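Commentary on secondary and tertiary structure
Residue-level listing of the chains:
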Amino acid sequence: MPTIPVSEAKPEYDVAIVGSGAGGGQMAYTLTLAGLKCVMLEAGRSYDPVTETAMFQRGDQAPLGGVRTPDKHFGFFDATVDGGWEVPNEPYTQASDKEEEQFKWWRARMMGGRTNHWGRISLRNGPYDFKPYSRDGLGFDWPISYEDVEPYYTKVEMLIGVYGSNEGMENTPDSPPGVLQPPPKGRVGDLMTQKAGKKVGVPVVPIHRAVLTRPLDAKTIPAKLHPNNKKAQKIVADSMIARAPCFWATPCGRGCSIKANYQSTTVHLPPALATGNLDIIPNAHAREVILDDQGKAKGVLFIDKTTGKEERVSAKAVVLAASSGETVRILLNSKSNQFPDGVANRSGLVGKYIMDTVGSDLRGQIPAMENLPPHNDDGAGGSHFYSPWWLYGEQKAGKLDFARGYHIEIGGTRRMPGGGSPVPGNFLKGLYGTKLKEEARRYYGSFIGLACRGEMIPNEHSFAELDPDVKDKWGIPVMRWHWKWSDQELNMATHAQRTFTEIIEAMGGTVQGGPNREGKETILKGGETIHEVGGALMGSDAEKSVCNGWNQTHDVKNLFLCDASPFPSNADKNPTLTIMALAWRCADHLIEEAAKGNL
Amino acid sequence: MDTTDSTLHRLPRRRVLQWFAAVAAAGENLPLQGFAQTGAPVAAKGYGTDPDLTKFYAPGDVWPLTFSDTERKAVTALADIILPADDFGPAASSLRVPDFVDEWVSAPYPEQQKDREVILPGLAWIDEESRSRFQKPFADVSEPQQKAICDDLGQPEQKDPQLKKGAAFFARFTGLCLGAYYATPEGWQAIGYVGNTPTGVFEGPPQEVLDQLGLEQTVKD
């Protein structure tokens, strides 16, 4: 990815963007195609998925068969470099010694941010998801509605390419005709779960994922995305032509050198760079938003990690898209006379109401799937089917002891083996010789994993603040986390375990680790699902929220937050698509306001 | 027949106790002082947070391998008893499984270091056990003799806590061999994995598979 050293930065830009992931990438894309001059700061190194992705490497070609290590937290071939649960030189702390009150903070430190890591699951929030408080009296409503965001969901889907189907289900929006790409065929695990789901009343349908199943229509889409902007159309068409559809091999988590799946570095940044309006400075660790005398943002102070020196870029507007936790950290560290508690924090709410997704998993062994004829089950390198939340009616009728929904993700079966044993050890106990190989072959592919991905309700006990003592390598105060799941989330996880037990047993299978386990024992740790959102609450009242419905901070008109930090709720729909839709919408607003001289 | 009793009869208790006395002396998770070849914990560095992901690596490329000749011989013999050449595929040693196990126990990461403390004493013990029963190290005794030892170690329902530990070594060693063996193209064939090949169309499971499971493909063309 072409970058510049800080010494080559222009004296002033229109917009400085902190972060190169889904939010920063989308902002850079929309702003530069509209002609604004932008500079992007990325805390990690530059990265090129075309040349750096381990597309077909096998386990026997990697150290330790490619298993996860403290250096590569999701396995050797995982796209993420220099990031993870711990980042060298950048500690974070916990307010509590109790494990269940701690937050695991996963951070990306590379070009493209977390878009190198994600599952590409691209679900729209539904109408209910923007007004949760109005429905059940918990948490907060968004100041915007589904109708406000819908056009941007459509634009993002057309740009990045999302496969899936329109099922017309409650609070699970359809996309306009022709927008989604065709979903891939169901695999054994998908079809088995779908069939068992029918027996127990759980709908299973094609999921939406940002992977191309056919070439993007470069002839018609660019004009729909950028009417009246011929230059943008040309650039976007070229970028779309450079992407190949999925060739049905290698997991998406490794990245994609043929650009079939969405990551910021293959979809958002190339067209932005092609405009000539974007400069990217890598290894730039943002420290503070700099203000002018009028209290407006005028740039960003950062550490050039290659020299250790403090540097700055100047801009007429600043966008933070550094991830919820990091954006909160930058805001809180930006202290001044005007903002003694951190910039844009007059409400005192910066860092409050951090949420993650409720995760709780179960695996079943299915005798019917033993010794299946070998066949290619790789598919699109990630999920094909899922269960959207299906019990809105029961919740409305007061029949459940939790208020919000979860969706079910279906884990693969005949994945590429390597590194770890392809069959859990308890199925092969004491065996050796040809009998061992027979049994390994028998059980391989006979397991189905089901995962709950559910909505957490924001609470007073889950937040982030600056640690008063601990600083990172560059002397910048670090985050200190507070965390607590409420009964809402624990009850949801319990319900998920019961549902999964029912599904597995409907297949004639046996659950691993025990049936009907309690939510408390099975819920993943805070942060572990890596859907950290919130911390800069969006709302219409400046005293009770940090930013408005345009991702614009109430206190500083030319400061915008374009990651998931403004989210007032965290629907079970994975956050990335909504981050992009809101960023595009924010960019349009920024352009309009700038033209009117309002920033 | 009571499994525990029968096992104890075949496995000389003195040898087992010797091993576990050493474990007790050293603490559960520390290297066993009783076996010189265990040596010091690995001091090498890992591959870091930004390794070249597209390079092809072989054991020994990133950190030095540490097996002694004696250990290597025992590992090779044991791995080939666990995964022999047969109709499913070649023997473990011809797929570099011993190299993988060496790389594993020589790796500087906590999980692998923990395994090192299970594997190295276990290997030393299996040679000594073989000597005590058959007067030669494990690699040099006959296949039936090797299998006799494996049968004891592989008893899945050990009640004696000491034998349980022996079974734990065998289980962990087997797990490492499986991870290595099935990471190879030959291993894929042995287990029935098909894939990692680009194709123009994804057809989903073949009709034969759908029929066997009573499934219907619900995503139509």
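Residues numbered from 1 in each chain as written. Chains lettered and ligands numbered in written order. Predicted model: local features only at pLDDT ≥ 70, side-chain atom pairs only at ≥ 80, totals over all residues. Heavy atoms only, no water.

With that out of the way, let us pick up the overall build of chain A. A tally of helices and strands in chain A yields 15 helices and 16 strands. Rg of the C-alpha trace for chain A: 23 Å, near the compact-globule value of 25 Å for 599 residues, within the 12% margin. Expressed as lengths along the three principal axes of its C-alpha atoms, the size of chain A is roughly 75 × 50 × 45 Å. The buried share of chain A, taken over its 599 residues, is 66%. Across chain A, the fraction of contacts at a sequence separation of at least 24, relative to all contacts at a separation of at least 6, is 72%. (Helix = DSSP H or I, 4+ residues; strand = E, 2+ residues; numbered from the N terminus. Rg over C-alpha atoms; globule rule 2.2 N^0.38 Å. Buried < 20%, exposed > 50% of the residue type's maximum accessible area, 1.4 Å probe, protein only. Contact = heavy atoms within 4.5 Å.)

The next point concerns the interface of chain A and chain B. Residue-level contacts link 79 residues of chain A with 78 residues of chain B. Across the chain A/chain B interface, buried area totals approximately 6,300 Å², and carbon plus sulfur atoms make up 64% of it. In this assembly, chain A and chain B are joined by 3 salt bridges. A salt bridge links R45 of chain A to D50 of chain B; its shortest N-O distance comes to 2.7 Å. For the side of chain A that touches chain B, the secondary-structure elements that each account for two or more residues are α2 (49–52), α5 (188–200) and α12 (434–443) of chain A. (Buried area = accessible area lost by both parts, 1.4 Å probe. Salt bridge = Lys/Arg side-chain N within 4 Å of Asp/Glu carboxyl O.)

Residue and element names in this part refer to chain A. Taken together, the 3 strands give an open sheet; going across it, the order is β3-β14-β13, and neighbouring strands pair in mixed fashion. Where the open sheet ends on each side, the last strands, each with one partner, are β3 (93–94) and β13 (463–471). The pairing of β3 with strand β14 (residues 477–482) spans 2 bridges and is parallel. Paired with Q94 across the strands is W481, a residue of β14. Together, β13 and β14 form the strand contacts of helix α10 (residues 324–333), whose direction differs from that of β14 by roughly 125°. (Pairing = 2+ DSSP bridges. Axes fitted to C-alpha atoms, helices over the stretch in contact; angles between N-to-C directions.)

Below, the discussion takes up the pairing of strand β6 (residues 284–291) of chain A. Residues and elements named next belong to chain A. Burial runs high along β6: 7 of the 8 residues are buried. Examined bridge by bridge, β6 and strand β7 (residues 297–304) share 7 bridges and lie antiparallel to one another. Residue pairing in the sheet places A286 in a bridge with F302 of β7. What sits between β6 and β7 in their antiparallel hairpin is a turn of 5 residues, with G295 showing a positive phi close to 85°.

In this section: α12 of chain A. Three or four residues apart is the spacing at which side chains of an α-helix point the same way, because the helix has 3.6 residues per turn. All names here are of chain A. Within α12, burial applies to L436, K437, E439, A440 and Y443. When α12 is viewed along its axis, its buried side chains cluster within an angular range of 165° and face the same direction. Residue G445 follows α12 closely and has a positive phi angle near 85°. (Arc of directions from axis to C-beta.)

Moving on: the nonpolar core. The biggest cluster of nonpolar side chains holds 129 residues, and the ones touching the most others in it are I160 and Y406 of chain A. Mapped onto the domain boundaries, this core takes at least three residues apiece from domain 1 (1–52 + 64–164 + 208–356 + 459–485 + 533–599) and domain 2 (185–206 + 358–454 + 486–522) of chain A. Core analysis: the next-biggest nonpolar cluster, separate from the first, contains 87 residues, M40 of chain A together with I149, F170 and L176 of chain B among them. (Core = buried A, V, L, I, M, F, W, Y, C linked by side-chain atoms within 4.5 Å. Domains from an automatic or database assignment.)

As a further point, take the domain arrangement of chain A. All names here are of chain A. Looking at the assigned domains, one finds that chain A contains domain 1 (1–52 + 64–164 + 208–356 + 459–485 + 533–599) and domain 2 (185–206 + 358–454 + 486–522). Using only C-alpha atoms to locate each centre, domain 1 and domain 2 end up separated by 32 Å. Across the boundary between the two partners, domain 1 contributes 30 residues, which contact 29 residues of domain 2. Taken over both partners, the interface formed by domain 1 and domain 2 buries close to 2,000 Å², and the fraction arising from carbon and sulfur atoms is 56%. For domain 1, the biggest contributors to the area lost against domain 2 are W248, W485 and D572; these three give 31% of the whole. Inspection of the region where domain 1 meets domain 2 yields 1 salt bridge. We note a salt bridge from D136 to R404, for which the minimum N-O separation is 2.6 Å. Linking domain 1 to domain 2 there are 6 residue pairs in polar contact (both at pLDDT 80 or more). A breakdown of the residues in the side of domain 1 that touches domain 2 according to their chemical character gives 16 nonpolar, 6 polar and 8 charged. (Polar contact = N/O pair within 3.5 Å; in protein donor to acceptor, adjacent residues only side chain to side chain. Nonpolar A, V, L, I, M, F, W, Y, C, P; charged D, E, K, R; others polar.)

Residues and elements named next belong to chain A. Pairing is antiparallel in the open sheet, where 6 strands are placed in the order β4-β10-β11-β12-β9-β15. The open sheet has two edge strands, β4 (205–206) and β15 (510–512), and neither has a second partner. Relative to strand β10 (residues 385–387), β4 runs antiparallel, the two being bridged by 2 bridges. Across the sheet, residue V205 finds its bridge partner in β10, namely Y386. In this fold α5 packs onto β10, β11 (406–411) and β12 (447–454), with an angle of close to 70° to the strand it touches most, β12.

Quick look at helix α7 (residues 230–241) of chain A now. Residue and element names in this part refer to chain A. Relative to the 16 Å expected for 12 residues at 1.5 Å per residue, α7 spans 16 Å between its end C-alpha atoms, a close match to the ideal helical length. Turning to α7, its buried residues are A232, Q233, I235, V236, A237, S239 and M240. Along its buried surface, α7 packs onto α1 (22–33), α4 (146–160), α6 (221–225), α8 (264–267) and α9 (269–274). (Expected span 1.5 Å × (residues − 1).)

Attention now moves to the pattern of salt bridges. For the structure on display, the rule yields 45 salt bridges over all chains. For the salt bridge of K147 of chain B with E143 of chain B, the shortest nitrogen-to-oxygen distance reads 3.2 Å. With K147 of chain B and E143 of chain B both in helix α6 (residues 143–153), this residue pair falls 4 residues apart, about one helical turn. Looking at K147 of chain B, the relative accessible area reads 32%, which means it is partly exposed. Since its relative accessible area comes to 46%, E143 of chain B is described here as partly exposed. Where salt bridges share partners, they join E90, R107, R109, K305, E326, R329 and D472 of chain A into one cluster.

The next subject is the packing of aromatic side chains. For the structure shown, the criterion picks out 34 aromatic pairs over all chains. On the numbers, 4.8 Å between centres and 45° between planes, the contact of W389 of chain A with Y406 of chain A is tilted. Within this pair, whereas W389 of chain A is found in the loop between β10 and α11 (392–396), its partner Y406 of chain A is found in strand β11, the two being separated by 17 residues in sequence. In terms of burial, W389 of chain A and Y406 of chain A fall into one category: buried. A centroid spacing of 5.8 Å and a plane angle of 85° characterise the contact between W63 of chain B and Y109 of chain B, whose relative ring orientation is edge-to-face. With W63 of chain B in the loop between α2 (13–26) and α3 (69–82) and Y109 of chain B in the loop between α4 (97–105) and α5 (110–134), this pair connects stretches of sequence that are 46 residues apart. Summarising the burial analysis for this pair, W63 of chain B and Y109 of chain B share the class buried. Aromatic ring contacts, followed pair by pair, group F76 and F77 of chain A together with Y47, Y57, W63 and Y109 of chain B into a single cluster. We note R68 of chain A situated over the ring of F74 of chain A; from NZ or CZ to the ring centre the distance is 5.4 Å. Sitting over the ring of F447 of chain A, R363 of chain A keeps its end group 5.0 Å from the ring centre. (Phe/Tyr/Trp six-rings, centres within 6.5 Å; stacked < 30°, edge-to-face > 60°. Lys NZ or Arg CZ within 6 Å of the ring centre and 35° of its normal.)

A separate point is the pairing of β7 of chain A. Residues and elements named next belong to chain A. The buried count for β7 comes to 7 of 8 residues, which makes it a mostly enclosed element. In this sheet, strand β8 (residues 309–320) lies alongside β7 in antiparallel orientation, the contact comprising 6 bridges. Each bridged residue has a counterpart across the sheet, and for F302 the counterpart in β8 is E311.

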